[in-house]
Amino acid sequence: MHRFSLLVLLSLHSPLLVSSETFKVVGPLTPHFQDWLKKNGYTDDFVRADNMVTQGSYGGKTSDDQQLKTTPVVFIHGNSDAALRQGFGRNDNIGWENSIDYFLKNGYTSAELYATSWGDTDPMHASSRTHDCATTQRLRRFLEAVIAYTGADQVSLVTHSMGVTLGRKIIKGGKIQANDGSCDLGIPIRNVDVFVGLAGGNYGLCNCEGVGTMEPTCNKDDGLWPGDSCGANYLDCGLTVLPFPCNGPTYSKFLTDLNNDFQQEAKRVVSAWSDSDDLIMYGTMVWGKSTCIIPRNVRHIHAHGNEGANVRRSVQLGEQNHLSHSLP
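Residues numbered from 1 in each chain as written. Predicted model: local features only at pLDDT ≥ 70, side-chain atom pairs only at ≥ 80, totals over all residues. Heavy atoms only, no water.

## Describing the overall build of the protein chain
The helix and strand inventory of the protein chain stands at 6 helices and 13 strands. Taking all contacts inside the protein chain whose residues are at least 6 apart in sequence as the whole, residues at least 24 apart take part in 79%. Accessible surface, the protein chain as shown: approximately 13400 Å² in total, 52% of it carbon and sulfur. (Helix = DSSP H or I, 4+ residues; strand = E, 2+ residues; numbered from the N terminus. Contact = heavy atoms within 4.5 Å. Areas by Shrake-Rupley, 256 points an atom, 1.4 Å probe, with all protein chains shown as cover.)

In structure tokens:
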């Protein structure tokens, strides 16, 4: 397929940066893709009409005649977010509106850009969400459906926050012991070209140490528990420099299994974050290293303070850092 270079980091979720109360990008999945899903036995509600009717999903061809020009990109949002913008208030969810709009302006079409919502957008429910079987299995089926529907030789993923660890798992496949039971996602998906992880919690979140485990999202099985100690260090998770010794903490089983799986997520893996992230906090440090780093990845994009502001509030962070990456 034709390849051209795009900046890998795209404008993200910032109500402060939108002046017009109109949707830049409108879903849902195209009728052509919806018909294909029905004909091919997919019963999942990938359209998600509960999210402002049109904004719960995006992607698909307009007709049988439409040809793909570039490798498809699948977007996976974070906790309490959605596929596309949900409103225009200061704290409303923006989803992948800015990112998809950026891709569309650079030659992509809806046939090559895909997203579906998982969970709901109520921030009061954020603490209850985990890497459970229902969510991971559904996202895995969506990724498989996009690959089969497009017939593409390869696909790329752009993921954010909890979507990073969900995205990594649906690619790697395998078993999960979750709060809603056990499941097996199947064999690894090996035709992923680029995987971008924006502000992920790959080693857990320090807010989840100690009494934080009382929140379901912080649980020790399929949650974001970072461990409570590292050697002689106890409840010091967020320290930038840890006192000796620190030989590695015990953290949640889901994340441990994920990080110990040496199956690479993609041919090219990029981790990106800002040390001023206001959700992860502690400069993104978890026991002396950034939790945003995907193990064994080949490229990091790290913004400091005002230079990148905040990955969750940035506009084309890659452009601000004069860094580019090749997406098909």
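Having seen the model, we can carry on.
## Details of the state of the cysteines
Here a disulfide denotes one covalent bond, and it connects the sulfur atoms of two cysteines. Inspection of the entire model under this criterion finds 4 disulfides. Cysteine 133 shares a disulfide with cysteine 183; S-S distance 2.2 Å. Around the S-S axis, the bridge from cysteine 133 to cysteine 183 shows a dihedral of about -95° and counts as left-handed. Taken together, the positions of cysteine 133 in helix H3 (residues 133-150) and cysteine 183 in strand S6 (residues 181-184) put the pair 50 residues apart, joining distant regions of the chain. An identical accessibility class is assigned to cysteine 133 and cysteine 183; each is buried. (Disulfide = S-S within 2.5 Å. Buried < 20%, exposed > 50% of the residue type's maximum accessible area, 1.4 Å probe, protein only.)

## A short note on the pattern of salt bridges
Inspection of every chain in the model, using the stated rule, returns 9 salt bridges. Taking the shortest distance from any N to any O, the salt bridge between arginine 85 and glutamate 97 comes out at 3.1 Å. Of the two residues, arginine 85 is situated in the loop between strand S2 (73-76) and helix H2 (97-104) and glutamate 97 in helix H2; the sequence distance between them amounts to 12 residues. Using a relative accessible area of 1% as the deciding quantity, one classes arginine 85 as buried. With a relative accessible area of 0%, glutamate 97 lands in the buried category. In this structure, the salt-bridge partner of aspartate 193 is arginine 268, at a minimum N-O distance of 2.6 Å. (Salt bridge = Lys/Arg side-chain N within 4 Å of Asp/Glu carboxyl O.)

## Description of H2
Burial within H2 is extensive, with 7 of its 8 residues counted as buried. Among the residues of H2, Glu97, Asn98, Ser99, Ile100, Asp101, Tyr102 and Phe103 are the ones counted as buried. Residues of H2 that are buried make contact with strand S1 (57-58), S2 and strand S3 (113-116).

## Looking at unusual backbone geometry
Proline 28 follows glycine 27 through a cis peptide bond whose omega is 0°. Cis geometry marks the peptide bond from phenylalanine 244 to proline 245, where omega comes out at -5°. Checked against the element boundaries, proline 245 lands in the loop between strand S9 (233-234) and helix H5 (253-260). Residues other than glycine seldom take positive phi values, yet valine 53 does so here, at roughly 65°. Tracing the backbone through its elements, the reader meets valine 53 in the loop between helix H1 (31-39) and S1. You will see that methionine 281, though not glycine, has its phi angle at about 65°, which is positive. By secondary structure assignment, the location of methionine 281 is in the loop between strand S10 (268-274) and strand S11 (285-286). Look at methionine 281 and you get partly exposed, because its relative accessible area is 39%.

## Structural notes on the packing of helix H4 (residues 162-172) against H5
For the pair H4 and H5, the least separation of the axes is 11 Å and the interaxial angle reads 55°. The pairing of H4 with H5 is recorded here as oblique in orientation. As for the relative orientation of H4 and H5, their crossing is left-handed in sense. Each of Thr165, Arg168, Lys169 and Lys172 in H4 lies in contact with H5, whose residues at this interface are Phe254, Leu255, Leu258 and Asn259. For the contact of H4 with H5, a count of residues per class yields 3 nonpolar, 2 polar and 3 charged. (Axes fitted to C-alpha atoms, helices over the stretch in contact; angles between N-to-C directions. Parallel < 35°, antiparallel > 145°, perpendicular 65-115°, else oblique. Left-handed = near helix turned anticlockwise from the far one by under 90°. Nonpolar A, V, L, I, M, F, W, Y, C, P; charged D, E, K, R; others polar.)

## A short note on the sheet that holds strand S7 (residues 192-198)
Ordered in space as S1-S3-S2-S4-S7-S10-S13, the 7 strands form an open sheet in which the pairing is mixed. Edge positions in the sheet fall to S1 and strand S13 (299-303), since each of these pairs with one other strand and no more. Here 3 bridges tie S2 to S3, and the two strands are oriented parallel to one another. The partner of valine 74 across the bridge, within S3, is tyrosine 114. Packing of H3 onto the sheet brings it into contact with S2, S3 and strand S4 (155-160), and relative to S3 it is tilted by some 155°. The strands touched by H4 are S2, S4 and S7; relative to S4, the strand with the most contacts, the crossing angle is about 150°. (Pairing = 2+ DSSP bridges.)

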